[in-house]
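Observations on chain architecture
In case you want the letters, here they are:
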Amino acid sequence: MNYNKKTVTDIDVKGKKVLCRCDFNVPQDKKTGAITDDKRIRAALPTLQYLLDQGAAVIACSHLGKPKGEVKPELSLAPVAKQLEELLGKSVIFASDVVGEDAKAKAAALQPGQIMLLENLRFEKGEEKNDPAFAKALADLAGADGVYVSDAFGTVHRAHASTAGVADYLPAVSGFLIQKELEIIGGALANLIERWARGSVTDYVYLPRAVIPFFRRIIWNAADLSVLTGCITAVIALLHEKL
């Protein structure tokens, strides 16, 4: 498998609207709703800042929790928008819906160098069903010359509208977080394949000894369980192709 996927550095985004799928599924205090760990938001900063610096108008989107297609105020991304605004040091426009009138109006008015955040993707039933109509509506927010950036490694293995379906309507590239994780997986797997090829792994007796360091490296680099799940899913696909 080719690990050198196209990234944000391989495409011109100046003056374009970019739909960027992030993973802002952050833990929150059950009583106050305050974000207790913002590492997922921080992980998205390099990609978002790069896009803004390149003159893109960024439409960030993410899910939070498991609302199951229902609008649940306690799972709103409004607190994430405030935290992202603080980390970026610039205003983050927040849409009160996903593909509704507020999102459409704010996306249409978005200027290069500005960023907005859509409401929780999973408030829409079409998200987890990978509904083509919903995926098209998301893509339409970026316009005819828009770009899709995938940078939510913890959910990229899921065939949802915002992680898979939208790529049918917009040119798609990966963000820096996806690139980093692919390099980690690719390097670890390449090492395993090399050992296998030169006879370091000759039979099933030695398989655990070869595989354990590989998974240890992935676990050390995985931010959390959802990212680890994504890693394992990718590894299974890679092993199937390589071996």
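Cut-off values and rules
Residues numbered from 1 in each chain as written. Predicted model: local features only at pLDDT ≥ 70, side-chain atom pairs only at ≥ 80, totals over all residues. Heavy atoms only, no water. Helix = DSSP H or I, 4+ residues; strand = E, 2+ residues; numbered from the N terminus. Buried < 20%, exposed > 50% of the residue type's maximum accessible area, 1.4 Å probe, protein only. Contact = heavy atoms within 4.5 Å. Right-handed = clockwise from strand over helix to strand, strands pointing away. Pairing = 2+ DSSP bridges. Arc of directions from axis to C-beta. Axes fitted to C-alpha atoms, helices over the stretch in contact; angles between N-to-C directions. Left-handed = near helix turned anticlockwise from the far one by under 90°. Nonpolar A, V, L, I, M, F, W, Y, C, P; charged D, E, K, R; others polar. Disulfide = S-S within 2.5 Å.

Scanning the protein from N- to C-terminus turns up 8 helices and 6 strands. Counted from the first residue to the last, the protein has its helices and strands arranged as β-α-β-α-β-α-β-α-α-β-β-α-α-α. The 243 residues of the protein split such that 45% are buried. A fraction of 75% describes how many contacts in the protein between residues 6 or more apart in sequence connect residues 24 or more apart.

With that out of the way, let us pick up the side chain of R21. Inspection of the secondary structure puts R21 in strand β1 (residues 17-21). Given the relative accessible area of 1%, R21 is considered buried.

It is worth spelling out the pairing of strand β2 (residues 57-61) at this point. Within a regular strand, side chains alternate between the sheet's two faces. Summarising burial for β2: 5 of the 5 residues are buried, a large majority. As a crossover connection, the stretch from β1 through helix α1 (residues 39-53) into β2 is right-handed. Where β2 lies against strand β4 (residues 115-117), 3 bridges are found, and the strand directions are parallel. Note on β4: the bridge partner recorded for V58 is I115.

Where helix α2 (residues 78-88) is concerned, the buried positions are V80, A81, Q83, L84 and L88. One side of α2 holds all its buried residues, which, seen down the axis, span an arc of 165 degrees. The outward face of α2, more than 90 degrees from its buried face, is lined by the exposed residues K82 and E86. Residues of α2 that are buried sit in contact with α1, β3 (92-94) and β4. Two residues or fewer after α2 comes G89, characterised by a positive phi angle close to 75 degrees.

Spatial strand order, β3-β4-β2-β1-β5-β6: 6 strands in an open sheet with parallel pairing. In the strand order of this sheet, the two ends are held by β3 and β6 (172-174), each with one partner. Strand-to-strand twist of the sheet, defined as the mean angle between neighbouring strand axes without regard to direction, takes the value 25 degrees. Examined bridge by bridge, β1 and β2 share 5 bridges and lie parallel to one another. Along β2, the bridge assignment pairs L19 with I59. Taken strand by strand, α1 contacts β1, β2, β4 and β5 (147-150), and its axis lies near 180 degrees from that of β1.

Moving on to the packing of α1 against α2. Each pair of packed helices can be described by the angle between their axes along with the distance between the axes. The geometry of α1 relative to α2 is characterised by a closest axis approach of 11 Å and an angle of 65 degrees between their N-to-C directions. In the packing of α1 onto α2, the handedness of the crossing is right-handed. Note on element contacts: α2 touches α1 through V80, Q83, L84, L87 and L88, opposite I41, R42, L45, L48, Q49 and L52. For the contact of α1 with α2, the class distribution of residues is 8 nonpolar, 2 polar and 1 charged.

Another point: the environment of L170. Take L170: it is sitting in the loop between β5 and β6. A relative accessible area of 5% places L170 in the buried class. Remark: the alpha-carbon pair of L170 and G143, spanning 27 residues in sequence, is separated by 9.0 Å.

Once that is clear, we can look at the state of the cysteines. Counted under the stated rule, the structure contains 0 disulfides. Free cysteine: C22, not disulfide-bonded; nearest cysteine sulfur from C20 at 3.8 Å. On the basis of relative accessible area, C22 is assigned to the buried category, the value being 1%. For C61, which is in no disulfide, the shortest distance to another cysteine sulfur is to C22 and amounts to 6.8 Å.

With that settled, consider the environment of K66. Within the secondary structure layout, K66 lies in the loop between β2 and α2. Under the relative-accessibility criterion, K66 is labelled exposed at 62%. Residues K66 and F123, spaced 57 residues apart in sequence, show a C-alpha to C-alpha distance of 8.8 Å. Apart from the residues within four sequence positions on either side, K66 is in contact with K72, L75 and R122.

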